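Structural characterization, general
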Amino acid sequence: MSTAQKKAIILKTTCYKRMRQETGYTQETAAELLDIGLRTLQSYEEGERHPNFVIAVKMAKFYGCSLDTLAEEIWKSQENTALPVKEKQNCLLS
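These lines cover the structure that appears in this document, whether it is placed above or below. Here, residues in each chain are numbered from 1, in the same order as that chain's written sequence. Reporting of local features is limited, given that this is a predicted model, to residues whose pLDDT is at least 70; pairs of side-chain atoms are given and counted only at 80 or more, and all residues count toward the totals for whole chains, interfaces and linings. Note that the side-chain values use all heavy atoms of the structure and ignore hydrogens as well as water.

Classification of residues uses two cut-offs on accessible area relative to the type maximum, computed with a 1.4 Å probe and protein chains only: under 20% is buried, over 50% is exposed, and between them is partly exposed. Here a strand is any run of E in DSSP of at least two residues, a helix any run of H or I of at least four, and the numbering for each starts at the N terminus. Counting buried positions along helix α3 (residues 38-45) yields six of eight residues, so the element is predominantly enclosed. Residues of α3 that are buried include every one of T40, L41, Q42, S43, Y44 and E45, and no others. Downstream of α3 by one or two residues, G47 has phi in the positive range, about 80°.

As structure tokens, then:
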């Protein structure tokens, strides 16, 4: 894994974690309220996995934002902030 990829994972991790922490929930509570496993939530926060569309919708509702805002937060936290919209949409669902 390149340094840039590691940096992107760290920044992405910070984004998911920051959004959860802004709600005031622990990982355990957030995972329970999102109806996902604790390890699944941890893997999103650590950048090991990406949520599927259904989970992304749940996360957006949980964080009190739109899917657009959630996606934008994720992309802002990475170096690839200038990706065209079409590429952003494809990456969010991967």
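Checked against the element boundaries, Q27 lands in helix α2 (residues 27-34). Two N or O atoms form a polar contact when they lie within 3.5 Å of each other; inside protein one atom must be a possible hydrogen donor and the other a possible acceptor, and for residues adjacent in sequence the pair counts only when both atoms belong to side chains. There is a polar contact of 3.2 Å between the side chain of Q27 and the side chain of Q42. Residue contacts are counted whenever heavy atoms from the two residues lie within 4.5 Å of one another. Apart from the residues lying within four places of it in its own chain, the contact partners of Q27 are R20, L38, L41, Q42 and E45.

Below, the discussion takes up the packing of α2 against α3. Working note: a packed helix pair is described by the angle between its axes plus the distance between those axes. To obtain an axis, a line is fitted to C-alpha atoms, over the contacting stretch when the element is a helix, and the angle between two such axes runs from 0 to 180 degrees between their N-to-C directions. Look at α2 against α3: their axes get within 8 Å of each other, and the N-to-C directions meet at 110°. It follows that α2 is roughly perpendicular to α3 by the angle criterion. Residue-level contacts link Q27, E28, A30, A31 and L34 of α2 to L38, L41, Q42 and E45 of α3. Just so you know how the angles are binned, under 35 degrees is roughly parallel, over 145 roughly antiparallel, 65 to 115 roughly perpendicular, and the rest oblique.

Two aromatic rings from Phe, Tyr or Trp, using only the six-membered ring of Trp, form a pair when their centres are within 6.5 Å; if the ring planes differ by under 30 degrees the pair is stacked, by over 60 it is edge-to-face, and anything between is tilted. The final tally for this structure, using the stated rule, is two aromatic pairs. Look at Y25 and F62: their rings are 5.1 Å apart centre to centre, the planes differ by 35°, and that puts the pair in the tilted class. With a gap of 37 residues between them, Y25 in the loop between α1 (3-23) and α2 and F62 in helix α4 (residues 53-63) connect regions that are remote in the sequence. Between F62 and Y63, the aromatic rings sit 5.4 Å apart at their centres with planes inclined by 65°, giving edge-to-face as the arrangement. Comparing F62 with Y63, the two get one shared label, buried. One aromatic cluster in this structure is built from Y25, F62 and Y63.

Spatial relationships are all this shows, so hold off on functional conclusions.
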